[in-house]
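# Notes for the structure review
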Amino acid sequence: MEVPVGTVKSRLFRGRRQLQKVLYDYALEQGYVPARIGTGR
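Here's a quick rundown of the structure. (Residues numbered from 1 in each chain as written. Predicted model: local features only at pLDDT ≥ 70, side-chain atom pairs only at ≥ 80, totals over all residues. Heavy atoms only, no water.)

Broken down by element type, the protein chain carries one helix and zero strands. Along the first, second and third principal axes, the C-alpha atoms of the protein chain reach 45 × 20 × 10 Å. Here the protein chain holds 41 residues, and the buried ones make up 5% of them. (Helix = DSSP H or I, 4+ residues; strand = E, 2+ residues; numbered from the N terminus. Buried < 20%, exposed > 50% of the residue type's maximum accessible area, 1.4 Å probe, protein only.)

Right, dumping it as structure tokens:
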């Protein structure tokens, strides 16, 4: 695959950020982490 390195890095960064949000939301629902104060969550 002839994809520029910058493209790969940006896609990995974006994917990690999306995964972090999904996992955080799941952890909130399951009670693994307390809700953040003042964020409306």
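Text resumes after the structure shown.
Under the defined criterion, the tally for this structure stands at one aromatic pair. Aromatic pair Tyr 26 and Tyr 32: ring centres 6.5 Å apart, planes at 50 degrees, arrangement tilted. Taking the relative accessible area as the measure of exposure, Tyr 26 reaches 43% and is therefore partly exposed. (Phe/Tyr/Trp six-rings, centres within 6.5 Å; stacked < 30°, edge-to-face > 60°.)

Don't take any of this as a statement about function, it's just geometry.
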